[in-house]
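# Structural overview for review
This is what each chain is made of:
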Amino acid sequence: MSWVPPDLSQSCQAGSNITTCQPSTFLFLQLVSNLFGQSKDAVERQDHHTDLEDFIFGDKFFENVAAGGANREDNAYDFIVVGAGSAGCVVANRLSEIRQWKVLLLEAGGDEPDVTGVPAFPPMLQGSSIDWGYTTEPQQYNCLRRREQRCNWPRGKVMGGSSAINYMIYLRGSPEDFNEWESMGNKGWSYDDVLPYFKKSEDNHDAEAQNTFFHGTEGYLSIERFPFQDTNVNMSIRAYQELGLKIVDQNTDEQIGVMLLQQTVKNGERQSTNTAFIRPIRQKRKNLKIETNTYVSRILINPDTKIAYGVEYFKNNKVFMVTARKEVILSAGTFNSPKTLMLSGIGPSSHLNEMNIKIIQDLQVGYNLQDHSTLDGVIIALNNTATSVSDEERERDIRQYIQNHNGPLSATGTLQIDALVQTRYENSLDRPDIQLLLDTTNVQNFINDPILTSETNVLPLAYYDGLMLRPVLLSPESRGVVKLNTSDPVFGPPRIFSNTFRERIDVLRIVEGIRQGLNLLKTQAYRSIGANLVTNKLPGCEPFIYGSDEYWECLMRSYTGTLHHQVGTCKMGPIDDKEAVVNPELKVHGIKNLRVIDASVMPKVVRGNTNAAVIMIAEKGSDMIKNDWLHHKN
Ligand SMILES: Cc1cc2nc3c(=O)[nH]c(=O)nc-3n(C[C@H](O)[C@H](O)[C@H](O)COP(=O)(O)OP(=O)(O)OC[C@H]3O[C@@H](n4cnc5c(N)ncnc54)[C@H](O)[C@@H]3O)c2cc1C
């Protein structure tokens, strides 16, 4: 099954006045698909995407299955891991290290196509065949100018999950984030407890690896800088230094400052958790079975004993059941882990009643949703780079990348710079509350049609003539909720009520973040290239004075953005925490032999990009499982 790029014809109408709607973009995507659409994973599997829509279900759905409509896979496993994303790939690797354990890894998507490997390509992965394509529900606080007032919240549906489509930033968060988790009743999750697990997965060969207190060199996951920096990268780092920010390694105990980011890459190629943790063992460990294009619909739980004993899944239009002798581990991510729990009878009783699902355990599944929010629309025009590269230049860059994994396509443009700052609203001593990122953009397209520009943002990050300043809210107060789809709970997308910017403090922090970021324009570095702020007002915000607090708030609510760091919907917490879904050992409260291990368990989002912390959670969770079954139960 080869990769299918996003379908721009959905957005581009005849007469669209932006360049990404021109035929050259369609041809470029076709070229990329031809060159990078296949997967280098060894066995090109014969299975096809399950045409789930063809499967009929309704009120009697689960009764039919229970009555024998399902094929039972008699071959029991010790552990079943649901979802091969950032967490699931790590867990499957670590559990299958124990030779006598039989491990089954089930993934709804297919093999990871080669297109994910190219660092400059993430924009074109969103909306492509390896994205679940979720959107938020329309709300009064956010996404007001987006199509149908919904923001796109992509998630990877592929081996590697979201680590295969993300921007590869490796940033762990502040030590105090983890101490805070512990202070919320999660014993064993302080920074001292989790640091060894960050180091365990890390294989860092850059200079900072010499600081062996914080960095590891023997893990599966390669952490490196990109091999290519264009002139604006170094110029922007100099500018931040002019503003007084120190260059620091933000993956130590010091975050406030600026750095050329560490990335999940190896020799100019992405390291998803599939690439790092599964590829090296996939054909070697006989006790690990991987099933792709396999959609898990629910966890099988005995309602009397409350013991989880397997899963039910769909593949090739057939429904199967498979059993787990020891545990089921749910690693389906922030949206699909709560969804799967609710379909299995674990969730808030009011919602499960409404959905006619028999309640096995009443827990606040789906609540506590948090995200790192940002906005589109604060644009700095540069005079030293061009968006309009010729076909020849693009082909030259592709050739260079294929030959030696170098050149403009081996990096994410200016997105490889990270500044972490504090606003006046931050009370902690040394934790940042705003991340300043510099995304790349095409200025004229954005002025012509900001919504269409973001919908058709598929070209490599390497080609740009403007910077989109993105202040990112690191410690949001707003909390959202995930619920089941009312008309199609099993196969339909979950309903995501993001509640982004519902709390006023979140807006205030971003406003100050914008102002701090715009100080870049005062620096010698930016002045010397004639960089200037694009002050055209965006549609919907014309009534406000450009640059006023009200104008920035209008942009936030109209052109809401996300760093895609949604977490928290199966919150980790002790039994007396009314919102908690899993305990500090990641076991679902009240249920035996079922854990959740993924981004959904974070009680509070870390003040860094979430992939590194998810991988750490998976490393630590795997050790907890080993400890239980090797040392206590057997
Ligand atoms: C576009 C984007 C950019 C990002 N950029 C960065 C970044 O630069 N740095 C960073 O640190 N973080 C980034 N993140 C966030 C980070 O990648 C995620 O926090 C992390 O990958 C989440 O890991 P997870 O294991 O919880 O979920 P996922 O990695 O999403 O894995 C869940 C897996 O479960 C599978 N699955 C779901 N439901 C089922 C089912 N019912 N049956 C079978 N399988 C199922 C999915 O297909 C998927 O493979 C980004 C995320 C996105 C989407």
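Residues numbered from 1 in each chain as written. Predicted model: local features only at pLDDT ≥ 70, side-chain atom pairs only at ≥ 80, totals over all residues. Heavy atoms only, no water.

## Considerations on the overall build of the protein
Short version of the rule: The helix and strand labels rest on DSSP assignments: H or I over at least four residues marks a helix, E over at least two residues marks a strand, and numbering proceeds from the N terminus. Residue exposure (1.4 Å probe, protein chains only): buried if accessible area is under 20% of the type maximum, exposed if over 50%, otherwise partly exposed. Whether two residues touch is decided by their heavy atoms; if any such pair falls within 4.5 Å, the residues are in contact. Surface accessibility follows the Shrake-Rupley procedure with a 1.4 Å probe radius. Residue values consider only the protein chains on display as shielding.
Summing up its helical and strand segments, the protein has 17 helices and 25 strands in all. In terms of overall dimensions, the protein has a C-alpha envelope of 70 × 55 × 50 Å along the principal axes. For the protein, the residues scored as buried account for 64% of the 634 residues in total. In the protein, the share of contacts with a sequence separation of at least 24, taken over all contacts with a separation of at least 6, comes to 74%. Surface accessibility of the protein: about 23,400 Å² in total, with carbon and sulfur atoms responsible for 48%.

## Section: the sheet that holds strand β17 (residues 379-381)
Just so we agree on the cut-off: Only when DSSP finds a minimum of two bridges between them are two strands counted as paired. Between N-to-C directions, angles cover 0 to 180 degrees, with each direction set by a line fitted to C-alpha atoms, over the stretch in contact for helices.
Strand order in this open sheet of six strands is β7-β18-β19-β20-β17-β23, and the pairing throughout is antiparallel. The sheet is open, and its two borders are formed by β7 (257-260) and β23 (532-533), each paired with just one other strand. Of the pairings in the sheet, the one linking β17 to β23 comprises two bridges and is antiparallel in character. Within β23, the position partnered with alanine 381 by the bridge is asparagine 532. Strands in contact with helix α7 (residues 231-242) are β7, β18 (417-421) and β19 (434-441); relative to β18, the strand with the most contacts, it is inclined by about 20 degrees. In the packing of helix α14 (residues 504-518) onto the sheet, contacts are made with β18, β19, β20 (466-473) and β23, and the angle to β20 comes to roughly 140 degrees.

## Description of the UniProt feature "domain: Glucose-methanol-choline oxidoreductase C-terminal" (unreviewed entry) in the protein
Stated precisely, the cut-off is as follows: UniProt positions are given in the numbering used here, feature names are shortened, and annotations may be inferred rather than shown by experiment.
As annotated in UniProt, the feature "domain: Glucose-methanol-choline oxidoreductase C-terminal" (unreviewed entry) corresponds to residues 476-618 in the numbering used here. End C-alpha atoms of residues 476-618 are separated by 24 Å, and the span's content is 27% helix alongside 10% strand.

## Some thoughts on unusual backbone geometry
Its identity is not glycine, yet asparagine 368 carries a phi of approximately 65 degrees, on the positive side. One can find asparagine 368 in the loop between β15 (361-362) and β16 (373-375). On the accessibility criterion, asparagine 368 (6% relative accessible area) is buried. Residue asparagine 593 is not a glycine yet carries a positive backbone phi of 65 degrees. Within the secondary structure, asparagine 593 sits in the loop between β24 (560-562) and β25 (594-596).

## Side note on the state of the cysteines
Rules: A pair of cysteine sulfur atoms is labelled a disulfide when the two atoms are within 2.5 Å.
Inspection of the entire model under this criterion finds three disulfides. Each sulfur in the disulfide pair cysteine 12 and cysteine 21 lies 2.0 Å from the other. Between cysteine 12 and cysteine 21 the disulfide shows an S-S torsion of about -80 degrees. By sign, it is left-handed. Here cysteine 12 falls in the buried class, since its relative accessible area comes to 12%. Relative accessible area serves as the criterion here: at 15%, cysteine 21 is assigned to the buried category. Bridging cysteine 541 to cysteine 554, the disulfide has an S-S length of 2.1 Å. Between cysteine 541 and cysteine 554 the disulfide shows an S-S torsion of about -85 degrees. By sign, it is left-handed.

## A look at a negative patch on the surface
Just so we agree on the cut-off: A residue counts toward a patch only above 30% relative accessible area and without a salt bridge, and it is joined to like-charged neighbours within 9 Å or, for Val, Leu, Ile, Met, Phe, Trp and Tyr, to nonpolar neighbours within 5 Å. Take a side-chain nitrogen of Lys or Arg and a carboxyl oxygen of Asp or Glu: if they are within 4 Å of each other, that pair is a salt bridge. Think of it this way: Lys and Arg go in the positive column, Asp and Glu in the negative one, and His and the chain ends go nowhere. Lys charges are placed at NZ, Arg charges at CZ, Asp charges at CG and Glu charges at CD.
Side chains of Asp391, Glu392, Glu393 and Glu395 sit close together on the surface and give a patch of like negative charge. Tracing the chain through its elements places glutamate 395 in helix α11 (residues 391-404).

## Considerations on the site of the ligand
Quick note on the threshold: Whether a residue is near a molecule or strand depends on its heavy atoms: it is near if one of them lies within 4 Å of it. N or O atoms within 3.5 Å of each other form a polar contact, as long as, within protein, one can give a hydrogen and the other can take it, and as long as residues adjacent in sequence are counted only when both atoms are side-chain atoms.
Around the ligand lies a shell of 38 residues, among which Ser86, Glu107, Ser162, Thr610 and Asn611 are the nearest. Valine 158 has a polar backbone atom sitting 3.3 Å from an oxygen atom of the ligand. Serine 162 places a side-chain nitrogen or oxygen 2.7 Å from an oxygen atom of the ligand. Against a free-state accessible area of 990 Å², the protein chains account for coverage of 99% of the ligand.

## Things to note about the pattern of salt bridges
Two side chains that carry opposite charge are able to pair once their charged atoms sit near each other. For the structure shown, the criterion picks out 41 salt bridges. Here arginine 509 and aspartate 433 are joined by a salt bridge, their closest N and O atoms 2.7 Å apart. Highlighted residues: arginine 509 in helix α14 and aspartate 433 in the loop between β18 and β19, separated in sequence by 76 residues. The salt bridge partner of aspartate 628 is arginine 595, with a shortest N-O separation of 2.8 Å. Of the two residues, aspartate 628 sits in helix α17 (residues 610-632) while arginine 595 sits in strand β25, which places them 33 residues apart along the sequence. Each of Asp177, Glu180, Glu426, Arg431, Asp433, Arg509, Lys604 and Arg607 takes part in salt bridges that share partners, so that together they form one network.

## Quick word on the UniProt feature "binding site: FAD" (unreviewed entry) in the protein
The positions UniProt marks with the feature "binding site: FAD" (unreviewed entry) are Val158 and Val296. Their sequence span is 139 residues, while the largest C-alpha to C-alpha distance among them is just 14.0 Å; these annotated residues converge on one region. Tracing the backbone through its elements, the reader meets valine 158 in the loop between β4 (152-153) and α5 (175-183). The buried category is assigned to valine 158, whose relative accessible area is 0%. Those residues in contact with valine 158 that sit more than four places away from it in its chain are Ala84, Glu107, Gly109, Gly110, Asp111, Glu112, Pro113, Ile130 and Ala164. Classification of valine 296 by relative accessible area gives buried; the value is 9%. Here valine 296 is in contact with Val82, Leu106, Val311, Glu312, Tyr313 and Thr340, once residues within four sequence places are set aside.

## Thoughts on the packing of α14 against helix α16 (residues 549-558)
The test is simple: Angle categories are assigned with fixed cut-offs, so that under 35 degrees is roughly parallel, over 145 is roughly antiparallel, 65 to 115 is roughly perpendicular, and the rest are oblique. When the near helix sits turned anticlockwise from the far one by under a right angle, the crossing is termed left-handed; a clockwise turn instead gives a right-handed crossing. Classification used: nonpolar for Ala, Val, Leu, Ile, Met, Phe, Trp, Tyr, Cys and Pro, charged for Asp, Glu, Lys and Arg, polar for all others including Gly.
Closest axis-to-axis distance for the α14/α16 pair is 10 Å, and the angle between their directions is 110 degrees. As far as their axial angle goes, α16 and α14 are roughly perpendicular. Here α14 and α16 pass one another in a crossing that is right-handed. Facing Arg504, Val507, Ile510, Val511, Ile514, Arg515 and Leu518 of α14, the residues of α16 in contact are Asp549, Trp552, Glu553, Met556 and Arg557. Within the contact of α14 with α16, the residues separate by chemical class into seven nonpolar, no polar and five charged.

## So, α11
Our working rule: To estimate the expected span of a helix, subtract one from its residue number and multiply by 1.5 Å. This arc is taken over the directions from the axis of the helix to the C-beta atoms.
Under the 1.5 Å per step criterion, the end-to-end length of α11 is 20 Å for 14 residues, consistent within 8% with the ideal 20 Å. Those residues of α11 that sit buried are Arg394, Asp397, Ile398 and Tyr401. For α11, the buried positions fall inside an angular range of 100 degrees around the axis, keeping them on one side. Every exposed residue of α11 that faces more than 90 degrees away from the buried side is listed here: Glu392 and Gln403. Summarising the contacts, the buried residues of α11 are in contact with α1 (23-36) and β9 (269-270).

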